[in-house]
Structure formats: structure tokens, C-alpha cells
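Structure assessment
Listed below, chain by chain, are the residues.
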There are 2 protein chains.
Amino acid sequence: MFEVEVKARIGEETRRLVRARCRFLREERHVDIYFDAPHRRLADSGEVLRLRQIDGRAVLTYKKKRVNADVRVREEIEVHVGNGDATAEILKRLGFRVLAEIRKRREIFELGDCQISLDDVEGLGEFLEVELKSENVSDAKSRILALLRELGISDDAVEKRPYIQLYLEKFPNADRS
Amino acid sequence: MFEVEVKARIGEETRRLVRARCRFLREERHVDIYFDAPHRRLADSGEVLRLRQIDGRAVLTYKKKRVNADVRVREEIEVHVGNGDATAEILKRLGFRVLAEIRKRREIFELGDCQISLDDVEGLGEFLEVELKSENVSDAKSRILALLRELGISDDAVEKRPYIQLYLEKFPNADRS
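Residues numbered from 1 in each chain as written. Chains lettered and ligands numbered in written order. Predicted model: local features only at pLDDT ≥ 70, side-chain atom pairs only at ≥ 80, totals over all residues. Heavy atoms only, no water.

1. Some points on the overall build of chain A
So the rule is basically this: In DSSP terms, a helix is any run of H or I states spanning at least four residues, a strand is any run of E spanning at least two, and both are numbered starting from the N terminus. For a compact globule the rule gives 2.2 Å times the number of residues to the power 0.38, and the radius of gyration it is set against comes from C-alpha atoms. Whether a residue is buried, partly exposed or exposed follows from its accessible area with a 1.4 Å probe, protein chains only, as a fraction of its type maximum: under 20%, in between, or over 50%, in that order. Any two residues whose heavy atoms approach within 4.5 Å are treated as being in contact. This count recognises Lys and Arg as positive and Asp and Glu as negative, with His and chain-terminal groups excluded. Where a charge lies is defined by one atom per residue type, namely NZ (Lys), CZ (Arg), CG (Asp) and CD (Glu).
Each helix and strand in chain A was counted, giving four helices and eight strands. In chain A, the order of α-helices and β-strands from amino to carboxyl end is β-α-β-β-β-β-α-β-β-β-α-α. For 177 residues, the compact-globule estimate of 2.2 N^0.38 gives 16 Å, and the C-alpha radius of gyration of chain A, at 16 Å, lies within 12% of that figure. For the C-alpha atoms alone, the extent of chain A along its principal axes is close to 45 × 30 × 30 Å. Expressed as a percentage of its 177 residues, the buried residues of chain A come to 51%. Looking at chain A alone, contacts between residues at least 24 apart form 63% of all its contacts between residues at least 6 apart. Where the 35 positive side-chain charges of chain A centre and where its 35 negative ones centre are 2 Å apart.

2. Considering the relation of the copies chain B and chain A
Rules: Here the copies are matched by least squares. The fit uses the C-alpha atoms of residues with pLDDT of at least 70 in both.
For the pair chain B and chain A, the relating rotation is 180 degrees, the translation along its axis is 0.0 Å, and the fit reaches an RMSD of 0.0 Å. On this basis, the relationship between the two copies can be described by a two-fold rotation axis. Scanning chain B for the C-alpha nearest the rotation axis identifies B:Val81, at a separation of 2.2 Å. Residue by residue, 96% of the interface of chain B is reproduced at the interface of chain A, so both copies engage with the same surface.

3. Examining the packing of aromatic side chains
Aromatic rings in a pair are described by how distant their centres are and how their planes are angled relative to each other. We count it as follows: The aromatic pairing rule takes the rings of Phe, Tyr and Trp, using the six-membered ring of Trp, and pairs them if the centres are within 6.5 Å, calling planes under 30 degrees apart stacked, those over 60 edge-to-face and the rest tilted. Note on criteria: charge over ring means Lys NZ or Arg CZ within 6 Å of the ring centre, with the direction from the centre no more than 35 degrees off the ring normal.
By the definition in use, this model includes seven aromatic pairs over all chains. Consider the rings of A:Phe127 and A:Tyr163, whose centres lie 5.2 Å apart with planes at 75 degrees: the pair is edge-to-face. Of this pair, A:Phe127 sits in strand S8 (residues 125–134) while A:Tyr163 sits in helix H4 (residues 163–170), and the two are 36 residues apart along the sequence. Look at A:Phe127 and you get buried, because its relative accessible area is 0%. Cation over ring: B:Lys7 sits above B:Tyr163, and NZ or CZ is 4.1 Å from the ring centre.

4. Things to note about the pairing of strand S7 (residues 114–121) of chain B
All names here are of chain B. Which entries qualify depends on this criterion: A pair of strands is treated as paired once DSSP finds two or more bridges between them.
With six of eight residues buried, S7 is to be regarded as a mostly interior element. Two strands pair when backbone bridges link them, and strand S6 (residues 97–111) and S7 are joined in this way by eight bridges, in the antiparallel orientation. Within S7, the residue paired with glutamate 110 across the bridge is glutamine 115. Adjacent in sequence and paired antiparallel, S6 and S7 are bridged by two residues, among which glycine 112 carries a positive phi angle near 60 degrees. Where S7 meets strand S8 (residues 125–134), seven bridges bridge the pair, whose relative direction is antiparallel. From the neighbouring strand, leucine 118 faces S8, where its bridge partner is leucine 128.

5. Considering the environment of B:Met1
All names here are of chain B. Summarising the element assignment, methionine 1 is placed in the segment before strand S1 (2–9). As a C-alpha pair, methionine 1 and glutamate 135 span 134 residues in sequence and 5.2 Å in three-dimensional space. Leaving out residues up to four positions away in the same chain, methionine 1 has contacts with Glu75, Lys133, Ser134 and Glu135.

6. Details of the interface of chain B and chain A
By a frequent convention, interface size equals the accessible area lost on bringing the separate parts together. Here is the rule we go by: A quick way to say it: buried area is the sum, across both parts, of accessible area lost when two parts are put together, with a 1.4 Å probe. A carboxyl oxygen of Asp or Glu within 4 Å of a side-chain nitrogen of Lys or Arg is what we treat as a salt bridge. Between N or O atoms, a polar contact is any pair within 3.5 Å; within protein, one atom must be a potential hydrogen donor and the other a potential acceptor, and residues adjacent in sequence are included only when both atoms are from side chains.
Taken residue by residue, the interface counts 24 residues in chain B and 23 residues in chain A. For the pair chain B and chain A, the summed buried surface comes to about 2000 Å²; carbon and sulfur atoms form 73% of the total. Area buried by chain B at its contact with chain A is led by B:Ile90, B:Arg93 and B:Leu94, which between them contribute 34% of it. At the junction of chain B and chain A, the tally comes to two salt bridges. One salt bridge connects B:Glu75 with A:Arg93, and the closest N-O pair in it is separated by 3.6 Å. Between chain B and chain A we count six residue pairs in polar contact (both at pLDDT 80 or more) in total. Among the elements of the structure, strand S3 (47–54), strand S4 (57–68), strand S5 (72–81) and helix H2 (84–93) of chain B are those that each provide at least two residues to the side of chain B that touches chain A. With six residues, S5(B) is the largest single contributor of residues to the side of chain B that touches chain A.

7. Considerations on the nonpolar core
Going by this rule: Only buried Ala, Val, Leu, Ile, Met, Phe, Trp, Tyr and Cys residues count toward a nonpolar core, and they belong to the same one when joined by side-chain atoms within 4.5 Å.
Core analysis: the biggest nonpolar cluster contains 38 residues, and A:Phe35, A:Leu49, A:Phe96, B:Phe35, B:Leu49 and B:Phe96 have the highest contact counts within it. With near-sequence residues (within four places) excluded, B:Phe96 lies in contact with A:Leu94, A:Phe96, B:Phe35, B:Asp36, B:Ala37, B:Pro38, B:Leu49 and B:Leu91.

8. Some thoughts on the confidence of the model for chain A
Just so we agree on the cut-off: Note: pLDDT gives the predictor's confidence per residue, expressed from 0 to 100.
The pLDDT averaged across chain A works out to 90; a share of 94% of its residues lies at or above 70. We note a pTM of 0.84 for the whole complex and an ipTM of 0.84 for its interfaces.

9. Quick word on the side chain of A:Glu28
Residues and elements named next belong to chain A. Positionally, glutamate 28 belongs in strand S2 (residues 23–36). Take glutamate 28: its relative accessible area is 8%, and that puts it in the buried class. Here the side chain of glutamate 28 touches arginine 26 through a polar contact of 2.7 Å, side chain to side chain. Non-local contacts of glutamate 28, meaning those with residues more than four positions away in its chain, are made with Ile54, Arg57, Lys104, Arg105, Arg106 and Ile108.

Here it is as C-alpha cells:
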């Protein structure tokens, strides 16, 4: 299963359109801790290791970019963990290093089988993310791009870099331990 | 919190004594997958990374030996994970390597605040393990040693090596992937 997703910088007009046209599911507050491996830079191989804490729940996610294109296609493996702090501690003991801790508020909507998120990311601003899980990458990709056009999002607004990369470019010395 | 434990090879007489004198709690079947790190041999630094599957539940445990003595004293960090297979897959993608998969049947008893296990380990034989979680290592140690004497276990029978080490010594080429 692949996760095909597109992210874009947005303003008030797109937020209004999403809230009007998509079905609201829930709001979440995320604290995402991104780790780097002791023996290689995960970013160099398109990998992400993230521990997300959502209101007491915690999920460890490994992602690897599979296709280099104008949409991000990643394979992802997710596991719910009983204790986020203990999981972070195990990773640190094994030599993993915290790259950054990123906080955001996410409003989640659905439109058909697309999941649409309005993200307010601390320090980075407001984004929309469209995500479609599919075995057929090219079909998913064209459907997402059509949806973006409907929401009036220009190609210029599409942001290919993951949040962790945007964060480290903006705050190169922050939050490391 | 430290986990002070002693393991010993046992025979039918000790098994009988434990079953007669200790309170039976439960029986578990464990499939323990031991991992090594991509950048260092965990055994060299007294570390163990183990994914245990117990009847559908899965627990990831990191242990590090803290005191080199005639009992094993390890600090341990445990986290319950929602999916053992996904956890193993994340570790493998990050470069961790399976050292061995060890299966055992464990009967768990308690006597005071000691936990006593009768282990039947596939390929290795029968063992007793006494475990006491404590902040006071030397107190825990003397209480465990007294208990062993009560159970008629001789010093020769004490086995200081962890199962993973015994396993790799006996089956140096088995189960690796």
C-alpha cells in the first residue's frame, strides 16, 4: 500500500472552501518527534522515522520515499505504541538522535476516499495536505491533482518538502538533542 | 528501577519444589526475536533489544547490563506495541538484523515479591529464573541468592549468560536473516 500525498501552502480562501465542501472528521494536536539513525542520515535515503503523540496515544511511523515525482509517494509502516516516552527512550539508547520536535493542530476532513488535512504547524504556517492510500500510484496522483485544481490551489503553492525538512531549513539549530 | 535476576539450569526436583511452594500465576508461550544494531554489536555493550510476542501481544524491550556481578542486573525499558510484525519490519528497514528467534514455554509463579519462572526453552533445555525489581540492587541480590539455596540450587547450576548468548553459542548459524 502506498501513501500518495500532496501538500500545499494555503490561505484563508482554501481553508473556507475545504470547511464548506468536505466532511469534517476530527481535530488532532500532534507532537511529532523526528529521529535520525546513528549510522546513516535517513534523509539521504528518503526515509523518515517519526514518533507522533496524539492526545496521549503514540504511533511510531517509518516512511520511505519510493517515487521521485511532483507528488510524494511513500511506503509507510505504522505501529501503535503503548508509551511514547519509553519508545523515544529506547530509540535514544540505541543511538538515534532527535532531529526536531514539531507541533501542529490538524483538522481532518474527507472527500470521497481522499483525506484532507488543514495543518497549522508551529513556526511554519498553514498547509493543506491531501492523502490517498492506494496500490495504483498514477491513478491516485491524477485524482489528487484534479482535487487541488478544484480547491483553487496553484502549482506554485505545492510544497514538496516534508515538514521536517522545512523545519530544519528554517531552524537549523533548534530542538536537537 | 533495576531488574535483578538469576537464572539456573534445573531438573525435575526443583520444578517440583517450585510448583509446590510458589503461587502459580500463569503460563505463557514466548516467541522472542533478538536484534542487533546496524552500527554496533549490542552484546559488546551489554545491551539487548528484544521483540517478544506472547499470544498475540507484543512487547519491545531494551535492556542494558549495569553491574557486572554474579547476578545479572539490567536496566530495562519496555513498551507494548500494537503490531509485532510491523515493529520487526521497521527495525529491519532501519538496518537492525535478526540474531535469533527463540521460543519458550514459561510457567510464572510468585513468592513474596519475587517472580519465579520455569522456562522450557526450545533447543536449550529447562531453566529457572528468579526476578526482583528493585532500586536496591544488593538487597535484591542477597534475597534472591537465599531463595536459590532454599530451592536446593547449587552455585554450579547458575547460568550467567542470557538465552540469546546460549543460543548463539549452541547454534552459531541458525535463524539469522
